[in-house]
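# Coordinate inspection notes
Each chain is listed here by its residues.
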Amino acid sequence: MGNPVLGIKNLKKKFGDHEVLKDISFSVKKGEVVVVLGPSGCGKSTLLRCINALESIQGGEIFLDREKISGNVKNLHKIRQKIGMVFQSYDLFPHMNVLRNVTLAPEKAQHRPKEEVEKEAEELLHRVGLADKKDAYPRQLSGGQKQRAAIVRALCMHPEVMLFDEVTASLDPEMVREVLDVMLEMAKEGRTMVIVTHEMQFAKAVADRIIFMDQGNIIEEGSPKEFFEHPKTERARQFLNVFEFEA
Amino acid sequence: MDWNFIIQYSGLYKEAAFLTLRIACMGIFGSLILGLICGMIRYYKVPVLSRITGIYIELSRNTPLLIQLFFLYFGLPKIGIILESETCAVAGLVFLGGSYMAEAFRSGMEAVDSVQTESGLSLGLTKKQVWFYILLPQAAAIAIPGIGANVIFLIKETSVFSIVALMDLMHVAKDLIGLYYKTDEALLMLVTAYLVILLPISIIFMFLERRLRFAGSGD
């Protein structure tokens, strides 16, 4: 694992008077998989949205490859090309087929040649088991297939960091697995990933590091083994107890 | 029913129908453009402009075209702006139609889930690209029924153009009734003329609506 790719320093985010993120600092190294856990409303999704500048921030700094990307940045779209994001709700473009969904941004935003992009898109789709769905429209896909296609769409931009915002939260249990498998595969390939999830078993399996958040603060940070077996804080113990009966 | 009369004067109606159509086309084209611009200003809540657009929309939707034309034709000359009849008619139609189209476009854009815009942005597309490739096609598909209704509404509104001295369909019918007292024939031709213009347009929009709905989400 190499140098820090993503750095977050004293990040603050408010919605009106409500402080959603109070003082968040952490960094992600190249090839590292960081899983962010925490109860609903603790600010994990907002954190991802701030990294991608979908939300304005009220304090602190965000760095990508040591370059500051928060505040008044020119060419925001250029920076976003380096950060891939997959959302909880299915966000494929419904008026385009799967292949077009994947090739649109590389062609229009990165100005790469059509043939090259299509070739890569087909390869990626093949790898996630969607080779035969490239001409299908999102409406014709299952939830799991949609999320896999959305992952491919983000990957085709060659991002340096991938952000996953509860990508399996609205899936049928049977489809969760197929999406998580794709993400596990990506982790093994050495992709840098920040994952927000409620799938504890998956978090344990995929994470290099766990970040536990509550009420806008990072409360605990450590290896999955440490966190799941010997949580340091009472809040984390409480949180993990909720999931206990699942095991 | 005097069929000879109908045949004799159908030429006048044809001419008037073309005039009505020509002005309607220009007016509708203008209101689509004005509507798209105003709809975008409203959707993106552009400061100041959004407020002004809001006032325009309320003013235009809540006053009759007849009064708007009076204002353009008889009011503006008082401050030294003299418009020709045709220009007045087109301007009136654009002023009226622009607000209806604006609302159709705005509600169409608002009906598209915001995650669509966000995922476009997060892929690194510029705001303009997101609008053009992602928002507009989906919004247009949603807005088509509303736009179709507006187009038909605007064409029907052309029936008040006679007050700015245009020889439109209504004007021809009123003249013929006044000259020859052939009320039945004149009105029959008037209704027929409007139907001949409007029915095909209705059908085109029905077809368009169905096609776009399928294009929007697969086959």
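Located above this text is the structure these notes cover.
Residues numbered from 1 in each chain as written. Chains lettered and ligands numbered in written order. Predicted model: local features only at pLDDT ≥ 70, side-chain atom pairs only at ≥ 80, totals over all residues. Heavy atoms only, no water.

### A few points about the layout of surface pockets
Of the voids in this model, the largest pocket is the one considered here, and its volume is about 430 Å³. What lines the largest pocket is a set of 16 residues, and nearest its centre among them are Tyr44(B), Thr117(B), Glu118(B), Leu121(B) and Lys127(B). Listed by contribution, the elements that provide at least two residues to the lining of the largest pocket are helix 2 (76–80) of chain A together with helix 5 (114–122) and helix 6 (127–157) of chain B. Split into classes, the residues belonging to the lining of the largest pocket amount to 9 nonpolar, 4 polar and 3 charged. (1 Å grid on protein atoms, 1.4 Å probe; cavity = no way out; pocket = protein on both sides within 12 Å on 5 of 7 lines; lining within 4 Å. Points joined across faces, edges and corners; volume = space filled by probe spheres on them. Helix = DSSP H or I, 4+ residues; strand = E, 2+ residues; numbered from the N terminus. Nonpolar A, V, L, I, M, F, W, Y, C, P; charged D, E, K, R; others polar.)

### Structural notes on the pattern of salt bridges
Here the structure, examined in full by the defined rule, presents 25 salt bridges over all chains. Residues Arg106(B) and Glu103(B) are paired through a salt bridge, measuring 3.2 Å at the closest nitrogen-oxygen approach. Here Arg106(B) pairs with Glu103(B), and both are found in helix 4 (residues 85–111), just 3 residues apart, close to one helical turn. By relative accessible area, Arg106(B) is classed as buried at 19%. What you see here is one network of salt bridges that share partners, running through Lys13(A), Arg49(A), Glu55(A) and Glu118(B). (Salt bridge = Lys/Arg side-chain N within 4 Å of Asp/Glu carboxyl O. Buried < 20%, exposed > 50% of the residue type's maximum accessible area, 1.4 Å probe, protein only.)

### Points about the sheet that holds strand 7 (residues 161–165) of chain A
Residues and elements named next belong to chain A. Spatially, 6 strands are ordered 6-7-8-3-9-10 in an open sheet, and the strand pairing comes out mixed. Looking at which strands have only one partner, the edges of the open sheet turn out to be strand 6 (83–86) and strand 10 (217–222). Averaged over all pairs of adjacent strands, the angle between their axes in this sheet comes to 20 degrees, without regard to strand direction. In this sheet, strand 7 lies alongside strand 6 in parallel orientation, the contact comprising 4 bridges. Within strand 7, the residue paired with Ile 83 across the bridge is Val 161. Across the face of the sheet, helix 1 (residues 44–51) comes into contact with strand 3 (33–37), strand 6, strand 7, strand 8 (193–196) and strand 9 (209–214) while running at roughly 145 degrees to strand 7. Against the sheet, helix 6 (residues 173–188) engages strand 3, strand 7 and strand 8, with an angle of about 150 degrees to strand 8. (Pairing = 2+ DSSP bridges. Axes fitted to C-alpha atoms, helices over the stretch in contact; angles between N-to-C directions. Contact = heavy atoms within 4.5 Å.)

### Considerations on the packing of helix 4 of chain B against helix 6 of chain B
Residues and elements named next belong to chain B. One way to put it is that helix 4 packs onto helix 6 with a least axis distance of 7 Å and a crossing angle of 145 degrees. In this structure, helix 4 crosses over helix 6, and the sense of that crossing is right-handed. On helix 6, the residues that touch Leu 93, Leu 96, Gly 97, Tyr 100, Met 101, Ala 104, Phe 105, Gly 108, Met 109 and Ala 111 of helix 4 are Trp 131, Leu 135, Ala 139, Ile 142, Ala 143, Ile 147, Asn 150, Val 151, Phe 153, Leu 154 and Glu 157. Here the residues of the contact of helix 4 with helix 6 are counted per class, giving 17 nonpolar, 3 polar and 1 charged. (Left-handed = near helix turned anticlockwise from the far one by under 90°.)

### Some details on the interface of chain B and chain A
Facing the 21 residues of chain B at the interface are 27 residues of chain A. Here chain B packs against chain A, burying approximately 2,100 Å² in sum over the two surfaces, 61% of which is carbon and sulfur. On inspection of chain B and its partner chain A, the count reaches 1 salt bridge. Note that Arg49(A) and Glu118(B) form a salt bridge whose closest N and O atoms lie 2.6 Å from each other. (Buried area = accessible area lost by both parts, 1.4 Å probe.)

### A look at the sheet that holds strand 4 (residues 59–64) of chain A
All names here are of chain A. Reading across the sheet, the 4 strands line up as 2-1-4-5 and stay open at both edges, with antiparallel pairing between neighbours. Edge positions in the sheet fall to strand 2 (18–29) and strand 5 (67–68), since each has one partner strand and no second. Bridge count for strand 1 (residues 4–15) against strand 2 is 8 bridges, and the pairing is antiparallel. Bridging from a neighbouring strand, Lys 13 pairs with Leu 21 of strand 2. With respect to the sheet, helix 1 is in contact with strand 1, strand 2 and strand 4, its orientation differing from that of strand 1 by roughly 115 degrees.

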